[in-house]
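Chain by chain, the residues:
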Amino acid sequence: MTFIRVALDVPLPTLFDYRAADATDTDIGARVVVPFGRKILPGVIVAIAHSSTLPPQRVRAALRVLRDIPPLPAEILKLLEFCSEYYQHPIGATILSALPTRLRQTRPIKNSVTSTDTIAPSSHDVSGPALSAEQRAVVEQMCAYSGRGFTPWLLHGITGSGKTEVYFHLIADVLKRGGQALLLVPEINLTPQLEARIADRFPQTCLATLHSALNESERLHNWLAAQSGQAGIVLGTRLAVFAPIPKLGLIVVDEEHDVSFRQAEGLRYSARDIALLRAKRRGIPILLGSATPSLETFRQALTGRYRRLVLSQRINAQLPRIECVDLRREPPTDGLSKTLLAALQETLRSGEQSLVFINRRGYAPVLMCRGCGWISDCRRCSAKLVLHLQEQQLRCHHCGHIEPVPAACPHCGNQDLLPVGQGTQRIEAALTRMLPEARILRIDRDSTRRKHAWRDMREQIQSRQVDILVGTQMLAKGHDFPQLTLVGVINADNALYSTDFRASERLYARLTQVAGRAGRGTRPGRVLIQTDFPSHPLYQALCRHDYDGFAKTQLAERKQAGLPPFVHQAVLRAEAPRLATALDFLARAAARGNRIADAVTLFDAVPAAMARRSGVERAHLVVESPSRRALQDFLSRWRPALENIAGRKVRWVIEVDPSEW
Ligand SMILES: [Zn+2]
Ligand SMILES: [Zn+2]
């Protein structure tokens, strides 16, 4: 009798046996429709067996094996099995989550793309701008290694140094040899521009994009184009790392430091780390690109495990001058210092564009009563309600709660309510008042909600209908506005003293990105950072454009404090209606863990930085080890015990290599 072992999207860490008389080894990786309880579920065949641990009469028969498209290749199945074990996520949920929605249904696919399995080797040299000496050297070094198996490269290039051009040359090299290339980017927002550039440069190559903004049939179509080998280039966000790409010859991870490569729900994986593993198992080169590499990656480059390539110069432009504005000497009005205001005026007069960066949307982060000190707390979260003046609402940015702005203090009836702090709306209003002749455009998640809004705004900026942009980090990444010569940074200081040890690393990366928007055209750029701490080492390094100095200092501090990347961590997160319930579960989990801990340290359970969210109390406990293997061994033994001690009121999850606490 033939049995199939099936992965199903259910929260159990196991495969399920079914009878399938007609199944053969070629069906491994195929989708299958099976009965499960009273439901009919789609699954994926992971193995074929001739016996089952269950008595044969208890094994149900599969309804049908779907052979409409080629099965998931063994390479991807193995990668997903690894993810399931490493990230402590149920095998079935892991495998199914990697498939496009349309393949997670019980209906077969009609009119699927015919797989041709052949790509015409591209016969065009790469057109486009001539490479700089630095770029050429980088491309030549990497090409010299082609065909030599797994080689991880770090392309450490400053903003505006032309990393994308390097990617294109390497991709062309792979295409020429009949291979496929996978290019991973952090943001959906960036894909349309990049897509257009790729289509322009590789007009004869089929390009498949994969990201969550595609509709079901687009995503399926593109996934099949990757799987069939038709797509020479696969461009996508983190989920594309699991796409079957039979002739994969190169992986590029752009902005490798970006937290968007980390999935925060379900299978909590790092697409960058999985890309590295995939390249290693396949024996191909992988290129990680960044102006501010993650400290993990930077350390690998320092120790020589990754080869580091440097682009230290901008193409046809200089790096902007970065200065701090000391707010202790120059108290701001409505968030704007005299120095910044004067610089904005000067830029306006010379007909150039400015960007005022503030990473907080809304009008003011909190509303306060002058009479009794009441502040606008969210009832469901340990967070403040943000004042959105234009919409006349108080909004929670964490749970989505919305209420009208009260006419008077709900506590004492005082009508003197004070907006405290700045958000994008308030800066926009202040600039409109102070610089009435300037054309100001606010760009944040609120102003870009409408479909195509962001595209239209970009056109406005590019056609010079805008003088001053006010925006959040949406504006920081990857955009090229040649007329932009001034960047002002407001309210960056709070990240300096965060409890999260990665906050500095992230702030440095973000400010480098924002500063990198200035002076990308022919005129030099200027960046003004308003701060109470102008002598802080982070700002000092930023002003010197000294990432290496900053990163080495950070690494030394992390080493001394025993933090990643010098140790490996996992965090057990728990949620419950009451904080005591969550903490109690974690305490019992720690006690159980300490009994089996070997070369692993368990820390005390603590409430999360944001203890309550959407009415749920949250706490966590950190587990760490200098050895990744020891941590993995521990987690695999600890996890089953947790299943037993968690009551029904506690929801918990283990996150491995967490990027945030
Ligand atoms: Zn009051
Ligand atoms: Zn809330």
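This text follows the structure it describes.
It should be emphasised that the depicted structure is a prediction, and the values quoted were computed from it without experimental measurement. (Residues numbered from 1 in each chain as written. Chains lettered and ligands numbered in written order. Predicted model: local features only at pLDDT ≥ 70, side-chain atom pairs only at ≥ 80, totals over all residues. Heavy atoms only, no water.)

S.K.: What is the right way to look at the overall build of the protein in this model?
M.R.: Along the backbone of the protein there are 16 helices and 28 strands. In terms of overall dimensions, the protein is globule-like: its C-alpha atoms have a radius of gyration of 27 Å, near the 26 Å expected for 661 residues. In terms of overall dimensions, the protein has C-alpha extents of about 80 × 65 × 50 Å along its principal axes. The buried share of the protein, taken over its 661 residues, is 54%. Within the protein, residue pairs in contact and separated by at least 24 positions form 76% of the contacts whose partners lie at least 6 positions apart. (Helix = DSSP H or I, 4+ residues; strand = E, 2+ residues; numbered from the N terminus. Rg over C-alpha atoms; globule rule 2.2 N^0.38 Å. Buried < 20%, exposed > 50% of the residue type's maximum accessible area, 1.4 Å probe, protein only. Contact = heavy atoms within 4.5 Å.)

S.K.: For this particular structure, what's the right way to read the coordination of the zinc ion (ligand 2)?
M.R.: Those protein atoms acting as donors to the zinc ion (ligand 2) are Cys378 (SG), Cys381 (SG), Cys396 (SG) and Cys399 (SG), and they sit at 2.3 Å. For the zinc ion (ligand 2), the four donor atoms in the first shell make angles of 106 to 113° at the metal, a pattern classed as tetrahedral. Counting gaps between the donor residues of the zinc ion (ligand 2) yields the pattern C-x2-C-x14-C-x2-C. Within this pair, whereas cysteine 378 is found in the loop between β15 (366-369) and β16 (386-388), its partner cysteine 399 is found in the loop between β17 (393-395) and β18 (402-404), the two being separated by 21 residues in sequence. (Donors = N, O, S within 2.8 Å, 3.2 Å for Na, K, Ca; no water. Tetrahedral: all angles 85-135°; square planar, octahedral: opposite > 155°, others 65-115°.)

S.K.: Would you mind going over empty space enclosed by the protein with me for this structure?
M.R.: To find leftover empty space, one rolls a probe the size of a water molecule over the atoms. For the structure on display, the rule yields one cavity of 30 Å³ or more. Estimates place the volume of the largest cavity at around 80 Å³. Every residue lining the largest cavity is counted, 13 residues in all, and those nearest its centre are Gly29, Arg31, Ile69, Pro70 and Leu72. Of the residues that constitute the lining of the largest cavity, the class distribution is ten nonpolar, two polar and one charged. (1 Å grid on protein atoms, 1.4 Å probe; cavity = no way out; pocket = protein on both sides within 12 Å on 5 of 7 lines; lining within 4 Å. Points joined across faces, edges and corners; volume = space filled by probe spheres on them. Nonpolar A, V, L, I, M, F, W, Y, C, P; charged D, E, K, R; others polar.)

S.K.: What am I meant to see in the sheet that holds strand β5 (residues 64-66) here?
M.R.: To summarise the sheet geometry, strands pair through backbone hydrogen bonds and adopt either a parallel or an antiparallel arrangement. If you trace the five strands from one edge of the open sheet to the other, you get β2-β1-β4-β3-β5, paired in antiparallel fashion. One side of each edge strand has no neighbouring strand; the edge strands of this open sheet are β2 (16-19) and β5. If you compare each strand with its neighbour and ignore which way they point, the axes differ by 45° on average. The pairing of strand β1 (residues 3-8) with strand β4 (residues 39-49) spans six bridges and is antiparallel. If you follow leucine 8 over to β4, its bridge partner there is glycine 43. (Pairing = 2+ DSSP bridges. Axes fitted to C-alpha atoms, helices over the stretch in contact; angles between N-to-C directions.)

S.K.: Explain the coordination of the zinc ion (ligand 1) here, please?
M.R.: Around a metal, the idealised angle for a tetrahedral arrangement of four donor atoms is 109.5 degrees; for an octahedral arrangement of six donor atoms it is 90 or 180 degrees. The protein atoms that coordinate the zinc ion (ligand 1) are Cys369 (SG), Cys372 (SG), Cys409 (SG) and Cys412 (SG), at distances spanning 2.3 to 2.4 Å. For cysteine 409, a relative accessible area of 4% translates into the label buried.

S.K.: Please clarify how the pairing of strand β3 (residues 31-36) should be interpreted in this entry.
M.R.: On a regular strand, one side chain projects to one face of the sheet and the next to the other, so that they alternate. The buried fraction of β3 is high, at five of six residues. Pairing between β3 and β4: six bridges, direction antiparallel. Counterpart to arginine 31 in the pairing with β4 is valine 44. The turn linking β3 back onto β4 is made up of two residues, and glycine 37 within it adopts a positive phi angle of 60°.

S.K.: Explain the packing of helix α4 (residues 163-176) against helix α5 (residues 191-201) to me, please; I cannot follow it from the model alone.
M.R.: The packing of two helices is summarised by the inter-axis angle and the distance between the axes. α5 packs onto α4 with a crossing angle of 45° between their chain directions and a minimal axis gap of 12 Å. Between α4 and α5, the angle is such that the two are oblique. Two packed elements cross with a definite hand, and for α4 against α5 that hand is right-handed. Residues Thr164, Glu165, Phe168 and His169 of α4 lie in contact with α5, whose contacting residues are Leu194, Arg197, Ile198 and Arg201. The residue makeup of the contact of α4 with α5, split by class, is three nonpolar, two polar and three charged. (Parallel < 35°, antiparallel > 145°, perpendicular 65-115°, else oblique. Left-handed = near helix turned anticlockwise from the far one by under 90°.)

S.K.: Teacher, can you tell me more about the packing of helix α15 (residues 579-596) against helix α16 (residues 628-645) here?
M.R.: For the pair α15 and α16, interaxial distance at closest approach is 10 Å and the crossing angle is 140°. What the angle tells us is that α15 and α16 run oblique. The two elements α15 and α16 meet at a crossing, and its hand is right-handed. Counted together, Phe585, Arg588, Ala589, Arg592, Gly593 and Ile596 of α15 and Phe634, Arg637, Trp638, Ala641, Leu642 and Ile645 of α16 form the full contact between these two elements. In terms of residue class, the contact of α15 with α16 is made up of eight nonpolar, one polar and three charged.

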